[in-house]
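Descriptive structure summary
Here's the letter readout for the chains.
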Amino acid sequence: MSSSQLSSSGKRVAVLGATGAVGIEFLKVLERRSFPIKELRLLASPRSAGTSLFFQGEKIPVDVLRRESFRGIDLAFFSAGGEISKQFAPAALDAGALVIDNSSAFRMDPTVPLVIPEINAHQINNHRGIIANPNCSTAIALMALYPLHQQFQLRRVIASTYQAVSGAGAMGMEELETQILDSTEKRPLISKHFKHQIAFNLIPQIDSFLENGYTREEMKLQNESRRILNLPDLQVSVTCVRVPVYRAHSLAIHASFQQPVSLSKAQDALLSAPGVDLLDNPSESLYPMPLYAQESDCCHVGRLRLEQGNPYGLAFWVCGDQLLKGAALNAVQIAECL
Ligand code: A2P
């Protein structure tokens, strides 16, 4: 088993799924935020055997995941999909590691805290070895909704998402790039990862459909928001759409509150919210866009306006980097709180 000795103090950390779209961001975020790491172990599938990745200028070999991979590890970031999380979290726990899981495997388990540190950091210490990171669209939506909820008390959310291909992992990003290149070369466009061509298209399906006509991805936004905000009756109705954007998600949100909404109070609440940037000057065409939200730690909020004919309603637009606040950054922030 290989891992790298980095400094004399800090945690012994494993990143499972290190070669994936989120895994690579984990390494960047841990390095950029100087997370104290004594030893780093990178884990992936047999496909990555023999490869290495760089961390703090040091080349670290990628190990093939095995049950014993977590021996001696204090903290394991999991980002290799739900099935792998379910299969290997017990091994990590047995080895004494704390798991921060980016998959949906444990998010609705009442014994597992589901955390966005800016909102419910107080839940972190209730863990029994696993802490769940929310779905990417949920995290980005709630970063904007929570400060508004504190001000006006949230009642109902109607949203459409515009989700980048990074949400489908490195293969999703590759497929968009290949289709764009093939199109310029007048070659036939092949869809392997997405159900339909994603270049120059929008696909109104993310994950599989449920009996109620919604997709699993759409229901995550309702179910996870209810848990994180501790609002079990919150009504959330969402349409999730995959768009040909590389890595930042956007959402058009209409939120209804218990209290009448004041636009200036809403702006003030967002201006003072940690992790949120208010970009809202329509006369100068200043509003969030996914291209400029990528690689930003903050979620960008704009296009704030009162709902027509509803004094309790606010409409707005939010963009956030799916790989950062929607995944790696949030998980590292959880670890920092610990
Ligand atoms: P690998 O690159 O070796 O396939 P993404 O979401 O970008 O597709 O990344 C998924 C991550 O999960 C990758 O690092 C991938 O490793 C890892 N992974 C997928 N399946 C397994 C598996 N069976 N065992 C360990 N790691 C896996």
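Because the structure is predicted, anything quoted here is derived from the model rather than measured. (Residues numbered from 1 in each chain as written. Predicted model: local features only at pLDDT ≥ 70, side-chain atom pairs only at ≥ 80, totals over all residues. Heavy atoms only, no water.)

Observations concerning the pairing of strand E9 (residues 154-163)
Convention followed: Strands were regarded as paired on the criterion that DSSP finds at least two bridges between them. The numbering of helices and of strands both runs from the N terminus, where a helix is a DSSP run of H or I of at least 4 residues and a strand a run of E of at least 2.
In terms of strand pairing, E9 meets strand E11 (residues 248-257) through 8 bridges, oriented antiparallel. Each residue of the ladder has a partner; that of Ile158, found in E11, is His254. Pairing analysis gives 8 bridges linking E9 to strand E10 (residues 235-242), with the strands arranged parallel. Bridge pairing in E10 places Arg156 opposite Gln235.

What to know about empty space enclosed by the protein
Heads up, the condition is: Grid points spaced at 1 Å and placed over the protein atoms alone form the basis of the search, with a cavity being a set where a 1.4 Å probe fits but cannot get out and a pocket an open set showing protein on both sides within 12 Å along at least five of seven lines. Lining residues have an atom within 4 Å of a point. Grid points are joined across faces, edges and corners, and a volume is the space filled by probe spheres set on the points.
Summed over the entire model, instances satisfying the criterion amount to 1 cavity of 30 Å³ or more. Surrounding the largest cavity, Leu142, Leu145, Leu154, Val157, Leu221, Ser225, Leu229, Leu234 and Val236 form its lining. Only helix H4 (136-152), E9 and helix H6 (216-229) provide two or more residues apiece to the lining of the largest cavity. The element that contributes the greatest number of residues to the lining of the largest cavity is H6, accounting for 3 residues.

Quick word on the sheet that holds strand E13 (residues 299-306)
Put simply, the rule reads: Axis definition: a line fitted to C-alpha atoms, limited for helices to the stretch in contact. Angles are taken between N-to-C directions and run from 0 to 180 degrees. Contacts between residues were defined by any pair of non-hydrogen atoms, one from each residue, lying within 4.5 Å.
Taken together, 6 strands build an open sheet; the order of strands is E10-E9-E11-E14-E13-E12 and the sheet is mixed. Across the chains shown, the open sheet's two edge strands, defined by having one partner strand only, are E10 and strand E12 (276-278). Strand-to-strand twist of the sheet, defined as the mean angle between neighbouring strand axes without regard to direction, takes the value 20 degrees. Examined bridge by bridge, E13 and strand E14 (residues 313-321) share 5 bridges and lie antiparallel to one another. Each bridged residue has a counterpart across the sheet, and for Leu306 the counterpart in E14 is Leu314. Where helix H7 (residues 263-271) meets the sheet, its contacts fall on E12, E13 and E14, and the angle it forms with E13 comes to roughly 175 degrees.

Here's the deal with the site of the ligand
In plain terms, the rule: The nearness test applies per residue and asks whether one of its heavy atoms lies within 4 Å of the molecule or strand. Here a polar contact means two N or O atoms within 3.5 Å. Within protein one must be a hydrogen donor candidate and the other an acceptor candidate, and residues neighboring in sequence count only if both atoms are side-chain atoms. With residues, only the protein chains shown are counted as cover, and all accessible areas are computed by Shrake-Rupley using a 1.4 Å probe. Amino acid classes used here: Ala, Val, Leu, Ile, Met, Phe, Trp, Tyr, Cys and Pro are nonpolar; Asp, Glu, Lys and Arg are charged; the rest, including Gly, are polar.
Residues in close proximity to the ligand total 15 residues, the closest being Thr19, Ala21, Ser45, Ser48 and Ala170. The contact in question runs from an oxygen atom of the ligand to an N or O atom on the backbone of Gly17, over 3.1 Å. Taking Ser45, its side chain carries an N or O atom lying 2.7 Å from an oxygen atom of the ligand. In isolation the ligand exposes 570 Å². Once the protein is present, 73% of that is buried. Its residues placed into classes, the shell around the ligand shows 7 nonpolar, 7 polar and 1 charged.

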